[in-house]
Amino acid sequence: MYMINAQDIEKLAGLARLSISEEEKEELTKNMGSILAYIDAIKKATEANKKANTEEIYGVRNVMREDSEPHQSGMYSEKILNEAPRREGDYVKVKKIL
Amino acid sequence: MIIDLKNLTIKKVHEHFIKGDFTALDLARAYLKNIESKNKDLNAYLEVFDDVEEQAKIADDKIKAGKADILTGIPFAIKDNILIEGRIASSASKILENYHATYDATVIKKLKEAGAIFLGRTNMDEFAMGGSTENSAFGVTKNPYDHTRVAGGSSGGSAVVVAGDMALVALGSDTGGSVRQPASFCGLVGLKPTYGSVSRYGLMAMGSSLDQIGPITKTAEDAEIIFNEVHGKDINDSTTIFENTHPKKDLKNKKLIIGIPKNFINKDGVDKEVFTNFEASIAKIKLLGYEVKEISLSDIDYSLAVYYIIMSAEASTNLSRFDGVKYGLHKDGKNLLEDYLMTRGEGLGKEVRRRILLGTYVLSSGYYDAYYNKANDIRKTIKKTFDNVFREVDVILTPTTPTPAFKIGEKSKDPLQMYLEDVFTVTANLTGMPAISVPSGFTNDKLPIGMQFIASHGRENILFEISKVFEKNGVK
């Protein structure tokens, strides 16, 4: 049997905010099942060091800067708002959340 | 003079410009003519810009004024996931089909300052997810050597425009092999620089701990020139490194030692002709006077699984920004949740949705430790393994891909088969090491084969040096 079933796919799709058709659910169950079976092999790796931290993995540290010297207000607003699917004045229009 | 596009390199073009043999406008027109006759069939460009001639005229003014940089007037093609202000950048996705970039990527800014010309934006697997350009929402790109075969991917369009003389050079992005694999399928040079050496500001993020922008070119020298121009610390990308981040070692008068990971490259997993070609390449290396050493890389068998866990986890997070609210496609549902579901469900293609689901799975509660954390632990071990090996050798040699360009449709039904194509390339992304694919010959059917040199962090110079020696000695 596959490592994942149609209900699992449905749940993941909900979490990821994706609508998925019934037909595709079936296909995904199958091919995600074989991908998961493949990546499952890492469970056999025993020599792995525990608690890898990001600096050890990437070789770089997180870089912070002061939250200062802002650009001139409104400089980019029009360009960015022009790309929004729906706007009202200088606002991006969104449906109510509650 | 008649422009011989096939044999042009950046340096040659630059010299012709300076001598006045032809202008940037002449050259741009020669490429536009070629694009006109070839692109319809190969589907390598998603868009050819309508202001190419104007760009070329500006470059010519600069040349005439004696202010030419090495890249002034050089015609570039740009992968569709790199932002050029005011132009569409779609990542070959329906969700960004009509999205206009609101700023220049740092690499674009640098190329503009140098006076480079942008011919157009190239086709790719949607959001750089794939190894064949079959996942583009705008149709597959064909391999110029055999139109029934894939160009590779995800930077397939960038490779084909260079191989088909529709641009002199191109930029791609490489998360698990997306520059090197199409370069090898199309008989070209493809460089994945050290993680952090080239700014990713303005590159659409896929796997943020893996992504790098890299050049696709006909020669190692061209790749070197572009790398030298675009790399460097960038205040807008906190992961960029300084020149001295990775310690350099003196290589003058030193005989380079090439490591061959025999345990990793076995006959079962590699196409017969690729394997034979690889053995022949090793023999040539020895003839060229390099020392060859067999090396063993433990835990490397897990690298592909580790890659697909980390990449999909990061991609699912990065792609959550496409919600139909801020920019891109918007599908209207009954409420906000429905807007999200429909916009993402309809706007994102099959492979992208699959990877988002996979990433959501490995990051979900209950599986997080077993997959994502474990993968990171193994990633660290793999990195350590390579760090140790690079105390003994200067370069590691592998084939770039286990097969030459495959047939269109051959692997697209089975995602796992497609993923296995990345087996030799993903380690450089997992560890952050630079790697280059160079042409190493042809199959009996005249399909290009490539091989890959990997160096330790910050040592692109070794990769360029050895690649140039190979080119000069007719390993083609």
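Below is a short write-up of the structure. (Residues numbered from 1 in each chain as written. Chains lettered and ligands numbered in written order. Predicted model: local features only at pLDDT ≥ 70, side-chain atom pairs only at ≥ 80, totals over all residues. Heavy atoms only, no water.)

**Examining the overall build of chain B**
For chain B, the count of helices and strands is 15 helices and 13 strands. Relative to the globule expectation of 23 Å for 476 residues, the C-alpha radius of gyration of chain B, 21 Å, shows essentially globular dimensions. For chain B, the spread of C-alpha atoms along the three principal axes comes to 65 × 65 × 45 Å. For chain B, with 476 residues in total, the buried portion stands at 65%. Relative to all contacts within chain B whose residues are 6 or more apart in sequence, the contacts with residues 24 or more apart total 74%. Looking at chain B, you have 60 positive and 62 negative side-chain charges, and the mean spots of the two groups are 3 Å apart. (Helix = DSSP H or I, 4+ residues; strand = E, 2+ residues; numbered from the N terminus. Rg over C-alpha atoms; globule rule 2.2 N^0.38 Å. Buried < 20%, exposed > 50% of the residue type's maximum accessible area, 1.4 Å probe, protein only. Contact = heavy atoms within 4.5 Å. Lys, Arg positive; Asp, Glu negative; His and termini not counted. Charge placed at Lys NZ, Arg CZ, Asp CG, Glu CD.)

**Here's the deal with the side chain of Thr133(B)**
Residue and element names in this part refer to chain B. By secondary structure assignment, the location of Thr-133 is in the loop between β3 (117–122) and β4 (142–143). From its side chain, Thr-133 meets the backbone oxygen of Gly-152 in a polar contact 2.6 Å long. Ignoring any residue separated from it by four or fewer positions in sequence, one finds Thr-133 in contact with Asn-123, Met-124, Asp-125, Gly-139, Val-140, Thr-141, Gly-152, Gly-153, Ser-154, Gly-156 and Gly-157. (Polar contact = N/O pair within 3.5 Å; in protein donor to acceptor, adjacent residues only side chain to side chain.)

**Observations regarding the packing of aromatic side chains**
Residues and elements named next belong to chain B. The final tally for this structure, using the stated rule, is 16 aromatic pairs over all chains. Ring centres of Tyr-367 and Tyr-371 lie 6.1 Å apart, and the angle between their planes is 45°; this geometry places the pair in the tilted category. The class of Tyr-367 is partly exposed, set by a relative accessible area of 36%. Given a relative accessible area of 1%, Tyr-371 falls into the buried group. Residues Tyr-368 and Tyr-372 carry aromatic rings whose centres are separated by 5.4 Å and whose planes lie at 50° to one another, so their mutual orientation is tilted. (Phe/Tyr/Trp six-rings, centres within 6.5 Å; stacked < 30°, edge-to-face > 60°.)

**Looking at the interface of chain B and chain A**
Counting residues at the interface gives 61 residues for chain B and 49 residues for chain A. Regarding the contact of chain B and chain A, the summed buried area is about 5,000 Å², with carbon and sulfur atoms giving 66% of it. In this assembly, chain B and chain A are joined by five salt bridges. Linking chain B to chain A there are 13 residue pairs in polar contact (both at pLDDT 80 or more). Within the residue set of the side of chain B that touches chain A, elements represented by two or more residues are α9 (303–318), α10 (336–347), α11 (350–363), α12 (369–389) and α13 (415–420) of chain B. With 12 residues, α12(B) is the largest single contributor of residues to the side of chain B that touches chain A. For the side of chain B that touches chain A, the class distribution of residues is 30 nonpolar, 15 polar and 16 charged. (Buried area = accessible area lost by both parts, 1.4 Å probe. Salt bridge = Lys/Arg side-chain N within 4 Å of Asp/Glu carboxyl O. Nonpolar A, V, L, I, M, F, W, Y, C, P; charged D, E, K, R; others polar.)

**Focus on the packing of α9(B) against α11(B)**
If you want to describe how two helices pack, look at the angle between their axes and the distance between the axes. Residues and elements named next belong to chain B. Contact geometry for α9 and α11: axes closest at 7 Å, N-to-C directions at 105°. As the angle between them shows, α9 and α11 are arranged roughly perpendicular. From α9, Tyr-308, Ile-309, Met-311, Ser-312, Ala-313, Ser-316 and Thr-317 reach across to α11, where they touch Arg-355, Ile-356, Leu-358, Gly-359, Thr-360, Val-362 and Leu-363. Per-class residue counts for the contact of α9 with α11 are eight nonpolar, five polar and one charged. (Axes fitted to C-alpha atoms, helices over the stretch in contact; angles between N-to-C directions. Parallel < 35°, antiparallel > 145°, perpendicular 65-115°, else oblique.)

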